[in-house]
Protein chains: 4
Amino acid sequence: MLSFECDYLAGAHPKVLARLAETNFEPLPGYGADKYCESAKEKIKKACACPQADVHFLVGGTQTNSIIIASLLHDCEGVLSAETGHIGVHEAGAVEYTGHKVLTLPAHAGKIEANELHSYLARFYADESNSHMVQPGMVYISHPTEYGTLYTKAELEGIYKICREYSLPLFIDGARLGYGIASRETDVTLPDIARLCDVFYIGGTKVGALCGEAVVFTKSNTPKYFTTLVKQHGALLAKGRLLGVQFDTLFTDGLYFEISRHAIDMAEKLKALLREKGCRFHLESPTNQQFIVLENSRMAELDKKVRFCFWEAVDEHHTAVRFATSWSTTEEDLEELAKIL
Amino acid sequence: MLSFECDYLAGAHPKVLARLAETNFEPLPGYGADKYCESAKEKIKKACACPQADVHFLVGGTQTNSIIIASLLHDCEGVLSAETGHIGVHEAGAVEYTGHKVLTLPAHAGKIEANELHSYLARFYADESNSHMVQPGMVYISHPTEYGTLYTKAELEGIYKICREYSLPLFIDGARLGYGIASRETDVTLPDIARLCDVFYIGGTKVGALCGEAVVFTKSNTPKYFTTLVKQHGALLAKGRLLGVQFDTLFTDGLYFEISRHAIDMAEKLKALLREKGCRFHLESPTNQQFIVLENSRMAELDKKVRFCFWEAVDEHHTAVRFATSWSTTEEDLEELAKIL
Amino acid sequence: MLSFECDYLAGAHPKVLARLAETNFEPLPGYGADKYCESAKEKIKKACACPQADVHFLVGGTQTNSIIIASLLHDCEGVLSAETGHIGVHEAGAVEYTGHKVLTLPAHAGKIEANELHSYLARFYADESNSHMVQPGMVYISHPTEYGTLYTKAELEGIYKICREYSLPLFIDGARLGYGIASRETDVTLPDIARLCDVFYIGGTKVGALCGEAVVFTKSNTPKYFTTLVKQHGALLAKGRLLGVQFDTLFTDGLYFEISRHAIDMAEKLKALLREKGCRFHLESPTNQQFIVLENSRMAELDKKVRFCFWEAVDEHHTAVRFATSWSTTEEDLEELAKIL
Amino acid sequence: MLSFECDYLAGAHPKVLARLAETNFEPLPGYGADKYCESAKEKIKKACACPQADVHFLVGGTQTNSIIIASLLHDCEGVLSAETGHIGVHEAGAVEYTGHKVLTLPAHAGKIEANELHSYLARFYADESNSHMVQPGMVYISHPTEYGTLYTKAELEGIYKICREYSLPLFIDGARLGYGIASRETDVTLPDIARLCDVFYIGGTKVGALCGEAVVFTKSNTPKYFTTLVKQHGALLAKGRLLGVQFDTLFTDGLYFEISRHAIDMAEKLKALLREKGCRFHLESPTNQQFIVLENSRMAELDKKVRFCFWEAVDEHHTAVRFATSWSTTEEDLEELAKIL
């Protein structure tokens, strides 16, 4: 059935699969010590304009979030996040499992605001009883957010300024980073991301890979024993080549960006189509996830013809749903959708 | 360079890769809810002659060990293991990270003995101060072991009998299970494994897959919230199809067993070759890992021509090293090795 | 200096100290196996009219909360609490340290409401993606709450009904339970508490003891290995007699209730005094903690003459502060305060 | 019944109890911010001849061990300990509960040897696969050990030299430190202890207090957020005065040392008595714990007349048992024992 359910519907971009096949019989050392990992790291550092970066490959998003957070926090520190942040809602308590609390800030269409971050910290340090409280230890944001929204460069600068003032590392969850960079409405580039945080990751799973996330520590700040930590979390692939070959391909000849632009082109067409069909938008998203509000009866009817994602109840009679595009979305998919709507 | 370093040198068996390519563009639901996972589970249950089994797919071995162990233990229980068990030595404390102690039993070429297990438990329950001690909560064995050795069916029966007597689940780490089943010197079949433990896994990473381990709970005993636990450990792949398609292929037309038999054939030839060349064996292994003892000067010389794995110092002048075969080892590899030795 | 800062200002009730001195030289077995622990447990079961109860003694409140919660939850379950609950705010992430998330419900002067609990649970189980979320595993309430407020019997019945409907254990934090039971405005007795939850504790530290909390599992539901868990958390006192003797004394001839009534008498006089002096109350509290709102300049002035507790900023110019009475508050203290106000 | 079962049989030294009574009504700030804690800290620093020390008070031994260890270790580090160390055997997995492995060294009557520590570390860092292993993060020893034995000054110097060479903090568990310092066969003083490790604790529970251990970080090396960590572990007493007053008394006019010498005097008499009665010693202990080997029939008979502690089976017919003295042991106790033996 036609599906706009999510951005991990299909396998990998054909070039990625082809490269896996080509390199398949080469005997390579395990655990990420192979030449493809090496080459992919160099290409990523270059794409980030960040020669001092350390790049590590992990398998999936929740895993990446919990390992980075656990590796940066002291025992009684927590991570500050928008109350809608993925780490606090849909990761089954993975952060708490590592012993840390997710401290919440108000969310504005998925984003936090620098001034609210500042107020939180100022209030915390003014509170005499704060030694009985979870210490703020880092800040987590997602870009694009869970709602498809993006920070402007000025917003990122504002947040990072507060973080540095309070010596808190800033971590950007880039599970869908490609779609953020490729948006038509952003002034934020990959080098900006690298410059404006302490660690981020470049999502592969949702942007053309079978699996894989590329973690970038941007300030020569890889935590002590990071590889051992990754092993301890059960996240060190024996065949690290699976990640190296994929990211090496994605960062050859700009494939990662090309894939992302395609998804954005499809998303813009989708948006136009939805608007044309009179759909009401739940919020304005400049990336590959589009949220509309449907009457429940209409939703039930549509559900028989196309797959989309239930998001949240809006009121008794209306529901917000998500349509997502990805590298694998085609013009034909949109045409078919046009007929259905 | 010619390499016998390990059994995860190459990518995936060509049929596995081909199937990933064939199914690549099908839009499929995420997180393991796809039809390939479903089909693979059915085939595995059949191969295990265990219709009541629950099958789950995970990505790697350390991850699988720590999730299964954490899911079966109460807070102050530990897992009993041979002192050479992988979980206690080479997994960076992944079990302890989940809050549990690895309780050790003597190892005999990597194996535990039923009578020593029994003594441990009898002594523990006789000790008046045992409420101040870590409670035995389950038993872990690997088959083949880290030393390539195998339990006989009678040995497994003896161990499982003790486990049931003390109500301790028995978990078999089958990272290299295929090579155990295919050994010429075993009387243990896959249905025997399923019958003689509470949970085990069928290793994919080392037996023809890019990654992936198939966990089998054999007594309708999947722990509560298992999928949520997997998510919490960062081990739930968004594109679960990656695991489903691979295992579906491995369990179609007996590919998993065919691959394994090939590795054993190569191992037997390797063993004959090493014997012929006068090598001293570190221990007798009936599976794909062969351990020999080299003089250090000879080791340094060989090291320039072929990759193998440093295992452990034997004395000041001798070292035990490992040569491993796998599905990807060829007759040509052995011929080349013959020239070098 | 005169102090109304908290309810743990002084040492122990003189009868408690005297009893410690009387029994000091008796050689007694360690770890809570002594006759005073035994006797105290029997008296507590009687006071609770709950013969099937299991009683355990622990040292302090945060310790008790985290041990009870950890002992009742499965790995990916969290504990539901008012957003102002002590466990989520002033315990330094002790719950998260055990791997569990505190899931928050709206707070109404420190209390949760049965209907909001019900909505949370109904919404959770209706959400298709809930296997990616922390599972609700128990409900935590404090009585009195952190704001001195109390649940009515009907409210407790309402909450417990929902808990049973969803098979969630209800845990009542009774760090100040005595002051709740002794309030002039409550219809809740100690047997009601025992009847209307699965586990609660009777606070000693704040009600006449040097330290100590008596945990009561009310439904013969002590978790497996509870003593070992307590040991594992570093909470098993070698000289368990310290807790046994204290609780045995507190539950002899109704001392615990007498102490509590005294604190309430003092609180009522305090309340009358504050009202008389024209103080504005931050909220209505029927127990030993009274909250008033002071102009900041007035607060600074008072701060030189009497100790009280900063609570929270109300606006730029006003602050809520807490005055607490306890078993050790005297008429003279109140008279002195009257002169100061 | 006459009891030599352990060194925590009785309550507190009478001077300690008296001081608690004297100070009982003084209103004091909570959580260790009171003047008695302050004064006790100063006295301890003086007794240790270590002005730069940081002193913290905790409640019990297992708690102290697990908090110190967790506060000093990185996520994938473990603590090196004799295989008989308390932390690895009788603390119910408290260290593992904080996520860390206890790495074991051979034990020689409870002690580790500098050269074996050195070999362990040399081997570890020579192993190519050590990034897959738990990293050595600190060294734990107990003094006196669990077997009553003591390190000589030269032995401590040897161990500490290796620790500094490998940048591993050395932690000395001094649950029975007083009895070590007061031994007639030691050349180790309290200032030596402070000089020859990074952190240690002065046991109170077993040396005259109701409860309490004084942690001393000797190199101005208190871990970040230590008070918050203590709170997070549920170990921060609201009435911190309970610990402050006790340690202030124990370190006034040398009471701690006087108590300890008394126990040693009693132990020497006990030793002479046991020898005189022809008992076979399990090992030579210069402190307050004495271990003898009894025929099982003799043990059963004695058990009816005096309490002692079962230690370990020696062979089928013999058992090692422990007799302990303490501050509360009297000449009369020994006379009564003489009649029984």
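Another point: the interface of chain A and chain C. Listed by partner, the interface residues are 18 residues for chain A and 18 residues for chain C. Both faces combined, the contact of chain A with chain C buries some 1,600 Å², and carbon together with sulfur accounts for 53% of it. Among the residues of chain A in contact with chain C, His90, Glu96 and Lys101 of chain A are the three that bury the most area, contributing 30% of the side total. For the pair chain A and chain C, the number of links is two salt bridges. Linking Lys101 of chain A and Glu96 of chain C is a salt bridge whose minimum nitrogen-to-oxygen distance equals 2.8 Å. Among the elements of the structure, helix H4 (86-89) and helix H5 (94-97) of chain A are those that each provide at least two residues to the side of chain A that touches chain C. Residues of the side of chain A that touches chain C, tallied by class, amount to seven nonpolar, seven polar and four charged.

Before going further, it helps to examine the interface of chain B and chain A. In this assembly, 46 residues from chain B lie in contact with 46 residues from chain A. Where chain B abuts chain A, roughly 3,900 Å² becomes buried across the two surfaces, and 60% of that area is made up of carbon and sulfur atoms. In terms of surface lost to chain A, no three residues of chain B exceed Tyr97, Gln232 and Lys239 of chain B, which account for 19% of the buried area on that side. Put simply, chain B and chain A have zero salt bridges between them. Viewed at the interface, chain A and chain B are joined by 24 residue pairs in polar contact (both at pLDDT 80 or more). Taken together, the elements giving at least two residues each to the side of chain B that touches chain A come down to helix H1 (14-22), helix H3 (61-72), helix H5 (94-97), helix H10 (226-232) and helix H11 (241-250) of chain B. With four residues, H1 of chain B is the single largest residue contributor to the side of chain B that touches chain A.

It is a general feature of regular strands that their side chains alternate between the two faces of the sheet. All names here are of chain A. With five of five residues buried, strand S7 (residues 213-217) is to be regarded as a mostly interior element. Alternating positions in S7 separate into two faces, Glu213, Val215 and Phe217 on one and Ala214 and Val216 on the other, with burial throughout. When strand S1 (residues 54-58) meets S7, the two strands line up antiparallel, connected through five bridges. Its bridge partner lying in S7, Leu58 is registered against Glu213. Relative to S7, strand S6 (residues 199-203) runs antiparallel, the two being bridged by five bridges. When the sheet's bridge partners are listed, Ile202 is paired in S7 with Ala214.

Time to look at the packing of helix H1 (residues 14-22) of chain D against helix H11 (residues 241-250) of chain D. Residue and element names in this part refer to chain D. With their axes 9 Å apart at the nearest point, H1 and H11 run at an angle of 135 degrees to one another. Taken together, H1 and H11 sit at an angle that is classed as oblique. H1 and H11 meet at a crossing whose hand is right-handed. Between H1, through Lys15, Val16, Arg19 and Leu20, and H11, the contact on the second element is made entirely by Leu242, Val245, Gln246, Asp248, Thr249 and Leu250. Class assignment for the residues of the contact of H1 with H11 results in five nonpolar, two polar and three charged.

The rules behind the values
- Residues numbered from 1 in each chain as written.
- Chains lettered and ligands numbered in written order.
- Predicted model: local features only at pLDDT ≥ 70, side-chain atom pairs only at ≥ 80, totals over all residues.
- Heavy atoms only, no water.
- Contact = heavy atoms within 4.5 Å.
- Buried area = accessible area lost by both parts, 1.4 Å probe.
- Salt bridge = Lys/Arg side-chain N within 4 Å of Asp/Glu carboxyl O.
- Helix = DSSP H or I, 4+ residues; strand = E, 2+ residues; numbered from the N terminus.
- Nonpolar A, V, L, I, M, F, W, Y, C, P; charged D, E, K, R; others polar.
- Polar contact = N/O pair within 3.5 Å; in protein donor to acceptor, adjacent residues only side chain to side chain.
- Buried < 20%, exposed > 50% of the residue type's maximum accessible area, 1.4 Å probe, protein only.
- Pairing = 2+ DSSP bridges.
- Axes fitted to C-alpha atoms, helices over the stretch in contact; angles between N-to-C directions.
- Parallel < 35°, antiparallel > 145°, perpendicular 65-115°, else oblique.
- Left-handed = near helix turned anticlockwise from the far one by under 90°.

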